[in-house]
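A structural walkthrough
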Amino acid sequence: MPPVSMELWARKLEESDLSIRYQYLAELRDNITEICHGPEYKNFLHHLMPLFIKLLSEGQPQFTETPEQKVRFLVLEIFNRLTSNDLLRPYVGALLRLMMELLEKENEDIAVIALRVIIDLHKTFRPSLESEVQPFLDFVMRIYAELPKSVAMTFRDPGTAAPPAAPRDVGLGGSLSLEPAPKVAGQQLVPSMRSFKVLTECPIIVVLLFQLYTKFLPPNINKFMPIIVTALCLQAPQAARAHAELQKPYADFVAAQVKTLSFLAYMLRSFADHLRPYADKIPGAVIQLLHNCPQESAATRKELLIATRHILATDFRHGFVPQIDVLLNEKVLIGTGRTSFDTLRPLAYSTLADLVHHVRNDLSLVQLAQVVHLYSRNIHDQTLPFNIQSMSAKLLLNLVECIVRKSTPDDGHKGRVILMRILDAFVNKFGSLKDQIPKLLAAAATSTPSPNNVGAATAPTAAAGGSTSASGALVVPPAQPHLSLSTSMSSVLVVDQLHGAAAASSAANSTLSSSSAAKTAKNNDSIKDCRQLMKTLVLGLKNIVWGIQSCTPRSLPGSQSAPQSGPKLLSIEESQIFSKLLKNCLRCLPIYSQGPSPSPQEEKDILDYISAVFTMVDQRIFQDVFYTHMPFLFQGIVENQTMLTITQHLLSNPGASRPLAEACLNFLLPRLQHLGGGDKNEAAVTLRLFKLVFSSVSLFADNESVLQPHLATLISHALKYASQSQDATNLFTMLRSLFRSITGGKVDMFLKELLPLVPGFLETLNRLQNSHHFLQMRELFVELALTIPMRLHTLLPFIKLQLPSVLLSLDATAPELVATGLRTLEHWVDQLNPSFLDSVLQDSRTELVQAVWRQLRSQNGGQAMRILGKLGGRSRCFLQQPQKLLKDKAPPRDGLSVGIRFEDNPTTTFSLPLDRAVALCRSKFIPPFDIETKKQAFNFVKSCHDCAVSAQVSIWSSVPKTGAASGTDAQGKPVEVRRRTVAEETVVRMLVECVIAAYSQEKLRAELPHLEAYYDDLVAFYTIETSGDVLIDAVSESLMGEIRYVRESALHAVDVIYRTCQQLDAKHPMLILDELCKRLCDGCHRYEWSAKTGSAQGLAKLIGLMPQSWVQQRLAMLSDSLFFVIQNSSPGETVTVLPDEAKDVLSKVFAKAFQAPAPVGDERPALGSPQRELLGPLVTSLVTHMGSHIGTVRHSARELFSQLTALTHVKPRDLIELSTARTTVVEPLLAEPITNLSIPHQTGIMELITFLLSIDGSRTGEDAAPAPLLSLSPELYRMLEAALVIAGKDDVYTGRSVPQRHLQIY
């Protein structure tokens, strides 16, 4: 706007005609904001305000669209945009009086803007405008009083009615635009006193004035109530509603009534007593407005629902009970408009839910069924937000108790049907959530809205959802609509605030929709709402099931049966609901364990609630559900072990424990084999389920009868599968849990099943206790032997078998196991006859009493002292026998130390031993230490090793292993050299072992590039410069250790030793490999499994490196050592399958030893003389092992014999003829009666005889008829006859199960 003085503008406006004046005013209106905030505002008011007032006061009201009307409208718009500050104060009185005059006589467009100006003036200058409040209130009351006439005149005759103005319903904001609708020239304008638009704005202004001037509220309340109630009850003629020309004024009329209803709702909060006389009319008026509201007026219907909601929050809601059927009609409540359907359903359903919740006790079963039908549909409507679905679920749950109360014994089936519909709706909702939850989680993971997320991601979330108050009642928070009468007066907004809020909201929504952070927040909110819905559904299931059981009719419909007592048996269809409940509900659990902010505790609570539901159902249904879906539940637990909460909860419940324990045992017994191998998660879950079932036996005595039929199968199959599995820890742990659970119950009822198992079981455990298992496993075997759930008098025949376990328990590392052994021994002393006890303890009395004496200083010393006291003189009888002397070893000399001198006494050196520091560093090269710790440990070891080698290697290289020796110095003079101490050799060996362990760390080699070269140089140094004892000790001990990657590092050292020996001309260094081979063969005979495994791997490495002649020279030693590994590897090996590994190594030995030279032409090369000499003893050994009582040894020997046949190209008969097997092995077996042998030995012998008889009798190069390898001698006949007798009598072969036989085979 050009800088022109305000005085000139005033003169131009006064002197110009209407068209020019309109242009000037339009320019002023467009620049009024700049003027009001600039220095010209005072001059503007001084020169132009009187002119504007004069133009409006002296001009005549216009009721057609004329130029003068446009000028007057522009002046009002300028007034509306003025800044309300102190510069305007002198003109406020005149301006307000002018606006009041205009309200009385102007048309509706002018009046609407005048109302806006009045609001602004009262808000800013209210202390000085108090005198103008009552005239305005009187004006509003006159409009309401004249409303019936206005309605009659507007809708009297569509042909004569004045042309209506365009409606102002522009959206869901609830506000009306200040811009007039486009007018046609000559169009009639409605006077303000008959304008529905003016009436629409009046209630808001009245509320504002009552807030600003509270003293006007009491005297005017009685005046307003009758006229506003009358206004609400008015209706336009039906014919007028259908007329196209009257639809716009009709929409304005309904909007005015809705605003009036909002005003009434506001008055109800503080002046309900003044409205009591009209309590019957208000519900009818609300229903009438719901019917009359135009379908296209979504904003008006929204205001109506909000006002209705506030009315329903008062005692007037009881008047709506007769209208509940109308409100349940969605066409009446929401309307048929598409916009209303898409946007108003959350608000409408929450409003209706609020009403139903408060008046539910007044509704009939038919009405309650309608409510259930409506809100069950809402639960499944994925276009509704999750909070509305939760609200619908909460409402249905609040109806359960009411439905139960209204269900009489005569027609209880009606209420039951309704409750089953609710349960079915909940279960089906779980079914839809299980498909929707993965999409929600995927959307949250990618931070992008999922197109299939049709729940909370697409529906509006501004609508209020249901929540539960502290008292458990359903509380629906009020929505936040524009232009609504909220719960407090200060929240009432005027029109300009509405426009500002709408604009700000629109801008904010636009910004958030384009922001990635907003998308992430939206997805996270969706997951939170889904979790809340899931929790609401699960928490309500128990209440629904209780209601179903409470609605028990006297007899089923159409049935003449007697009345039922207790929980009603469900039909097949009803039982299927619980099956779907288990499957669908458990598949929804990822919503808690995955996504943002996982909630494990909430997930566990949900599982507890689900379990509680199944404790309430009929036992037949419970069995049907869990017997059928146990595989599904097991797989779910494998994927998410939190689901174990279900079985834990149900097995600890008195009503559900027995059927679930039976279902679990029937399912787990066929899967018992999986405890010994396969998937670790499945094995862990299986073991956990077994433990839970066994613990339920100790909780409830009824479960003992469930376990009793399966007890023998559990024990016998566990031992059987342990012999075939790679890791039998879980199987024996299961047995320990089984024994512990039975011990505290009625053990007598299990006697029949346990008694046949005890001898073989104890023999097996005694054998396993002396095996090469871990210490923890061996102590587990001891505990199993001591905790057999049988009373002492039934164990008397087997007490000698239990004695070795008592001896081992007294020296155990676990104090609990020691206490068990002492308790068992004390029980024997208390209960057994002394003479019988002495006979039992005769062979082990000394060891037993000494073991008890050793426990006197332990934490079980009191119990040990009590046992010694009860034994009396027998506790000292061991003193009469020779005792083993304990060597008092003096502390060895330090192998490595550092000399320290202090400045005060430099002549005195203090020795700081480093042996323990080296041992400590050796433990730092295994997890869980970090890479920095390993680096520091290696640097320390390297420094110590370099110091030790530099000081001693020149002496060690010329000194024999023991004793003193003499050497010569550089001048040839004799020098006395001291012997090496054990400590010095030990510390150097530890240093080498530390370097081997350091080399095994891949990350450490990456951090220290020189480590690999240092390691190779160290191994080569000890191979060349020393006798090799240190290196051999270190490599063999590393190979025989329990750490796999350290064994791999030691195998690399073997490669370095071999390469070093190959580079030397002398043969002396090859002795290192010979010595290493001997050490490894000795390791095959050691007790520990790791020693056997490492030795077998080391021998495999040597066999691959060394030549054929070297292997042939040591064939007997290698085969004996490896066969010992196969034979001495107990079934149920916990770490690795040693027999298979040893057999593979032995196969490599045979392949290397009998490798034939390259063929010349088509002729096969004949075996050399050295090879033929080796075959005899080797075949004899193989034949001997074919008759072993251990099945693994027999199978390995037969496979190796077949390999030997293929390698040598010699027929089996010829191989046996080369050996002395016939005379040294077969003939002694035929001479001995097999009836004196055990079943395993009989089996081995018969398999050997069968193998020999099956061998082709022909020899290599013979064409004559073959002669049998074994002649049918009398000894052979006797053996076969004895075998047939045994087979005919033995229960094993006739099909009857004798577990003891199987245990002996183990």
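Preceding this section is the structure that the text describes.
To start, this report covers the structure provided alongside it. (Residues numbered from 1 in each chain as written. Predicted model: local features only at pLDDT ≥ 70, side-chain atom pairs only at ≥ 80, totals over all residues. Heavy atoms only, no water.)

Notes on the overall build of the protein
Looking only at helices and strands, the protein has 63 helices and 6 strands in total. Relative to its full complement of 1306 residues, the protein shows a buried share of 52%. (Helix = DSSP H or I, 4+ residues; strand = E, 2+ residues; numbered from the N terminus. Buried < 20%, exposed > 50% of the residue type's maximum accessible area, 1.4 Å probe, protein only.)

Thoughts on the pattern of salt bridges
Considering all chains together, one arrives at 41 salt bridges under this definition. A salt bridge links Arg 345 to Asp 381; the nearest nitrogen and oxygen atoms lie 2.4 Å apart. Of this pair, Arg 345 sits in helix H19 (residues 345-359) while Asp 381 is found in the loop between helix H20 (365-380) and helix H21 (386-406), placing the two residues 36 residues apart along the sequence. Across this residue pair, the class does not change: Arg 345 and Asp 381 are buried. Taking the shortest distance from any N to any O, the salt bridge between Lys 434 and Asp 435 comes out at 3.5 Å. (Salt bridge = Lys/Arg side-chain N within 4 Å of Asp/Glu carboxyl O.)

Examining a nonpolar patch on the surface
On the surface, a cluster of nonpolar side chains totalling about 430 Å² of accessible area is made up of Val 898, Ile 900, Phe 902, Phe 910 and Leu 912. Counting residues per element, the ones that place at least two in the nonpolar patch are strand S3 (897-902) and strand S4 (905-913). A per-element tally of the nonpolar patch places S3 first, with 3 residues. Residue position: Ile 900 is located in strand S3. (Patch = residues over 30% accessible without salt bridge, like charges linked within 9 Å, V, L, I, M, F, W, Y side chains within 5 Å. Areas by Shrake-Rupley, 256 points an atom, 1.4 Å probe, with all protein chains shown as cover.)

Focus on the packing of helix H6 (residues 92-105) against helix H7 (residues 108-125)
Geometrically, a packed helix pair is captured by the angle between its two axes and the distance between the axes. Two elements in contact, H6 and H7, have axes separated by 9 Å at closest approach and are oriented at 150 degrees. Crossing geometry of H6 relative to H7 is assigned as left-handed. Contacts between H6 and H7 involve Val 92, Leu 95, Leu 96, Met 99, Met 100, Leu 102 and Leu 103 on the former and, on the latter, Ile 110, Ala 111, Ala 114, Leu 115, Val 117, Ile 118, Leu 121, His 122 and Phe 125. Its residues placed into classes, the contact of H6 with H7 shows 15 nonpolar, 1 polar and no charged. (Axes fitted to C-alpha atoms, helices over the stretch in contact; angles between N-to-C directions. Left-handed = near helix turned anticlockwise from the far one by under 90°. Contact = heavy atoms within 4.5 Å. Nonpolar A, V, L, I, M, F, W, Y, C, P; charged D, E, K, R; others polar.)

Looking at the nonpolar core
Membership of the largest hydrophobic core comes to 263 residues, with the highest contact counts inside it found for Phe 44, Phe 79, Leu 82, Met 99, Phe 136, Phe 224 and Phe 732. Looking at this core element by element, the count peaks at 13 residues for helix H22 (residues 412-446). Setting aside its immediate chain neighbours within four residues, Met 99 contacts Leu 56, Leu 76, Phe 79, Ala 114, Val 117 and Ile 118. Membership of the second largest hydrophobic core comes to 110 residues, among which are Ala 1034, Tyr 1058, Val 1111 and Met 1186. (Core = buried A, V, L, I, M, F, W, Y, C linked by side-chain atoms within 4.5 Å.)

Considerations on the pairing of S4
Alignment of S3 against S4, held across 6 bridges, turns out to be antiparallel. Bridge pairing in S4 places Val 898 opposite Leu 912. Between S3 and S4, which pair antiparallel one after the other, the connecting turn spans 2 residues. (Pairing = 2+ DSSP bridges.)

Comments concerning the layout of surface pockets
Of the voids in this model, the second largest pocket is the one considered here, and its volume is about 630 Å³. Together, 26 residues line the second largest pocket, and Thr 743, Leu 786, Thr 787, Thr 820 and Thr 824 are the ones closest to its centre. At the level of elements, helix H34 (729-743), helix H37 (775-786), helix H38 (792-795) and helix H40 (815-831) are the ones that each hand at least two residues to the lining of the second largest pocket. The biggest single contributor to the lining of the second largest pocket is H40, with 7 residues. Taken together, the residues that form the lining of the second largest pocket break down as 11 nonpolar, 8 polar and 7 charged. (1 Å grid on protein atoms, 1.4 Å probe; cavity = no way out; pocket = protein on both sides within 12 Å on 5 of 7 lines; lining within 4 Å. Points joined across faces, edges and corners; volume = space filled by probe spheres on them.)

Side note on helix H60 (residues 1239-1254)
An ideal rise of 1.5 Å per residue puts 22 Å on 16 residues; H60 measures up with 22 Å between its terminal C-alpha atoms. Taken residue by residue, H60 has Ile 1239, Pro 1240, Gln 1242, Gly 1244, Ile 1245, Met 1246, Leu 1248, Ile 1249, Phe 1251 and Leu 1252 as its buried positions. (Expected span 1.5 Å × (residues − 1).)

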